[in-house]
Amino acid sequence: MTNPREATVTLQNAAERIVVAGDGRRLAVETSGAPDGPVVFLLHGTPGSRSGPRPRPVVLYRLGVHLVCYDRPGYGDSDRQEGRRVADAAADVAAIADALGIDRFAVVGRSGGGPHALACAALLPERVTRAAVLVGLAPAGAPDLDWYSGMTEGNVDDYGLADEDATELKLSLTERARNAQRDPMTLLEVLRPQLSESDIRVVDDVTIRRLLTDMYAEALRHGPDGWIDDVLALRRAWDFDLGAIRAPVRLWHGEQDRFSPVAHSRWLAARIANAEVQVQPGAAHFGAVEILPQTLAWLTTPELATAPRL
């Protein structure tokens, strides 16, 4: 089994390029790992960027994985797509795959990237082989789910503003983005009182902390637009049918997650065919960084045994 600490990487040995989407927008893309290996798209969290934590190149080569990461619109070097929906991610992923000459691929989304990975699985059924969601969210208004139950106060406030006062949300995230531009460590400092002991252990690792702050700096380098649009999109209708997903899906969640509570993954698992859910005791939100190598192995090795549904 891959050491969880090998789930980190600098930007060395990553190929960067700009892909033009169907409507002319620029999308910033990085590829790393085994060039001839099975392809996995990694969709970053909220806020996040293509430079987020991922396995080091040597680990990707060992796994035989060709990893593709990109900035969602409005983050990093990707042009904004104002008013975008979660479903729009599928067209962007398809455009990147076409530009890179990739036919079929797996997808994995972390936190706010989870719904976007599911959009790819639902809307690109002939191309997506497997999908994984790490500490993801359920749709807003999900029936029989108390969406905010167990969620940290900061997330409740942000998502509540997305529903009630988009202007105030933009002002709040703009201020935080400006602070992060001056010192990206401020984002982790604000989060720290809300972290479980498990998450504190992860983010206190010097390498992971540096990678997280580098990711935040890149994500918000040109402003808060991607962050704003992500929060709004996650609380709007996602514009795709979870029941349309036919590829195998793995949903992983840390039991102590306070940012996207575990009930969200259980709700999704009950509504996606061929879905399994793994709930890890003692883990929380940032445990998604450590579980990524194992997830990549599952996504690219069909003969691996599946975990039981909980």
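This structure is a prediction, so every number in the text was calculated from the model and none was measured.

Basis of the calculations
- Positions within a chain are numbered from 1, following the residues in the order the chain's sequence is written.
- Confidence filtering applies because this is a predicted model: local features only for residues at pLDDT of at least 70, side-chain atom pairs given and counted only at 80 or more, and all residues used for totals across whole chains, interfaces and linings.
- The side-chain numbers reported here are obtained from all heavy atoms of the structure, hydrogens and water having been left aside.
- Helix and strand assignments follow DSSP, with helices taken as H or I runs no shorter than four residues and strands as E runs no shorter than two, numbered in order from the N terminus.
- Three exposure classes are used, based on accessible area relative to the maximum for each residue type with a 1.4 Å probe and protein chains only: buried under 20%, partly exposed in between, and exposed over 50%.
- The contact rule is simple, with two residues in contact once any of their heavy atoms fall within 4.5 Å.
- To measure how exposed things are, a 1.4 Å probe is used in the Shrake-Rupley method; for residues, cover is taken only from the protein chains shown.
- We count Lys and Arg on the positive side and Asp and Glu on the negative side, and we leave His and both chain ends out.
- One atom stands in for each charge, and that atom is NZ of Lys, CZ of Arg, CG of Asp or CD of Glu.
- A fitted line through C-alpha atoms represents every axis, and for helices the fit uses only the stretch in contact; the resulting angles, taken between N-to-C directions, go from 0 to 180 degrees.
- Any angle from 65 to 115 degrees is called roughly perpendicular, while one under 35 is roughly parallel, one over 145 is roughly antiparallel, and all others are oblique.
- Classes in brief: Ala, Val, Leu, Ile, Met, Phe, Trp, Tyr, Cys and Pro nonpolar; Asp, Glu, Lys and Arg charged; the others, Gly included, polar.
- Note on aromatic pairs: the rings of Phe, Tyr and Trp (six-membered ring only in Trp) are paired at centre separations within 6.5 Å, and the planes decide the class, stacked below 30 degrees, edge-to-face beyond 60, tilted for the rest.
- Charge over a ring is defined by NZ of Lys or CZ of Arg lying within 6 Å of the ring centre and within 35 degrees of the ring normal.
- Salt bridge, as applied in this entry: a Lys or Arg side-chain nitrogen positioned within 4 Å of an Asp or Glu carboxyl oxygen.
- Think of it this way: DSSP has to see at least two bridges between two strands before they count as a pair.
- Among the buried residues, those of types Ala, Val, Leu, Ile, Met, Phe, Trp, Tyr and Cys that are joined through side-chain atoms within 4.5 Å form a nonpolar core.
- Helix span is expected to be 1.5 Å times the residue number reduced by one.
- Residues adjacent in sequence count toward polar contacts only when both atoms are side-chain atoms; beyond that, a polar contact is any pair of N or O atoms within 3.5 Å, and within protein one must be able to donate a hydrogen and the other to accept it.
- UniProt positions are given in the numbering used here, feature names are shortened, and annotations may be inferred rather than shown by experiment.

Q: Describe in detail the overall build of the protein, supporting the description with residues and values.
A: Regarding its fold elements, the protein presents 11 helices and eight strands. A total of 310 residues make up the protein; the buried ones form 60% of that total. Taking contacts inside the protein between residues at least 6 apart in sequence as the whole, the part at least 24 apart equals 80%. When the accessible surface of the protein is split by element, carbon and sulfur atoms take 48% of a total near 12300 Å². Both charge centroids of the protein, one from 33 positive and one from 42 negative side chains, sit 3 Å from each other.

Q: Could you give an account of the packing of helix H4 (residues 153–164) against helix H5 (residues 166–182), naming the residues involved and the relevant values?
A: H5 packs onto H4 with a crossing angle of 140° between their chain directions and a minimal axis gap of 6 Å. What the angle tells us is that H4 and H5 run oblique. Packed against H4, whose contacting residues are Asp 158, Leu 161, Ala 162 and Glu 164, the element H5 presents Ala 166, Glu 168, Leu 169, Leu 173 and Arg 176 at the interface. Taken together, the residues of the contact of H4 with H5 break down into five nonpolar, no polar and four charged.

Q: Before we move on, can you summarise the packing of aromatic side chains with the specific residues and values?
A: Summed over all chains, the structure comprises four aromatic pairs. Here Arg 130 stacks its cationic end above the ring of Trp 298, 4.4 Å away from the centre of that ring. Its guanidinium or amino end placed over the ring of Trp 147, Arg 235 lies 4.5 Å from that ring's centre, counting from NZ or CZ.

Q: Before we move on, could you go through the pattern of salt bridges and cite the residues and values that matter?
A: All chains considered together, the criterion is met by 22 salt bridges. A salt bridge links Glu 290 to Arg 201, with the shortest nitrogen-to-oxygen separation between them at 3.1 Å. Of this pair, Glu 290 sits in helix H11 (residues 287–300) while Arg 201 sits in helix H7 (residues 197–203), and the two are 89 residues apart along the sequence. Among the residues examined, Arg 201 registers a relative accessible area of 42% and is labelled partly exposed. Through salt bridges with shared partners, one network takes in Glu 16, Glu 30, Arg 50, Arg 54, Asp 71, Asp 77, Glu 218 and Arg 221.

Q: Can you tell me about the packing of helix H2 (residues 88–99) against helix H3 (residues 114–123), naming the residues and giving the values?
A: Between H2 and H3, the shortest axis-to-axis distance is 8 Å and the interhelical angle comes to 75°. By the angle between their axes, H2 is roughly perpendicular relative to H3. On H3, the residues touching Ala 89, Ala 90 and Val 93 of H2 are His 116, Ala 119, Cys 120 and Leu 123. Grouping the amino acids of the contact of H2 with H3 by side-chain chemistry returns six nonpolar, one polar and no charged.

Q: Before we move on, could you go through the pairing of strand S2 (residues 26–33) and cite the residues and values that matter?
A: Most of S2 is tucked away: seven of the eight residues are buried. Connecting the antiparallel pair strand S1 (residues 15–20) and S2 is a turn made up of five residues, with Gly 24 showing a positive phi of about 95°. As defined by bridge partners, S2 adjoins strand S4 (residues 66–70) across five bridges and the pair is classed as antiparallel. Across the sheet, the residue bridging to Glu 30 is Cys 69, located in S4.

Q: Tell me about the nonpolar core, residues and numbers included.
A: Note on soluble globular proteins: their nonpolar side chains tend to be buried together. If you look at the biggest cluster of nonpolar residues, it comprises 78 residues, and the most contacted ones within it are Phe 41, Phe 105, Leu 118 and Phe 240. Once you skip the residues sitting within four places of it in the chain, Leu 118 turns out to touch Val 133, Phe 240, Leu 242, Ile 245, Val 249, Leu 268 and Ile 272. Among the nonpolar cores identified, the runner-up in size contains 19 residues, and Ala 283, Ala 288, Leu 292 and Trp 298 belong to it.

Q: Give a description of helix H8 (residues 206–219) that names residues and reports values.
A: The periodicity of an α-helix, 3.6 residues per turn, causes residues three or four positions apart to be oriented the same way. Under the 1.5 Å per step criterion, the end-to-end length of H8 is 20 Å for 14 residues, consistent within 8% with the ideal 20 Å. Where the residues of H8 are buried, they touch helix H6 (185–191), H7 and H11. The distance from a side-chain oxygen at the start of H8 to the backbone nitrogen of Thr 207 is 3.1 Å, and the residue carrying that oxygen is Asp 205.

Q: An account of the UniProt feature "domain: AB hydrolase-1" (unreviewed entry) in the protein is needed here, citing residue identities and associated values.
A: Residues annotated by UniProt as "domain: AB hydrolase-1" (unreviewed entry) correspond here to residues 38–148. Helix and strand shares over residues 38–148 are 26% and 21% respectively, and the end C-alpha atoms of the span are 37 Å apart.

Q: Describe the pairing of strand S3 (residues 39–43), listing the residues and the values that go with them.
A: Looking down a regular strand, the side chains alternate between one sheet face and the other. Most of S3 sits out of view: five of its five residues are buried. The alternating pattern of S3 places Val 39, Phe 41 and Leu 43 and Val 40 and Leu 42 on opposite faces, both of which are buried. Pairing of S3 with S4, which is carried by four bridges, proceeds in the parallel orientation. Across the sheet, Val 40 pairs through a bridge with Leu 67, a residue of S4. In this structure, S3 lies alongside strand S5 (residues 105–110), joined through four bridges in parallel fashion. Residue pairing across strands places Val 40 opposite Ala 106, the latter belonging to S5.

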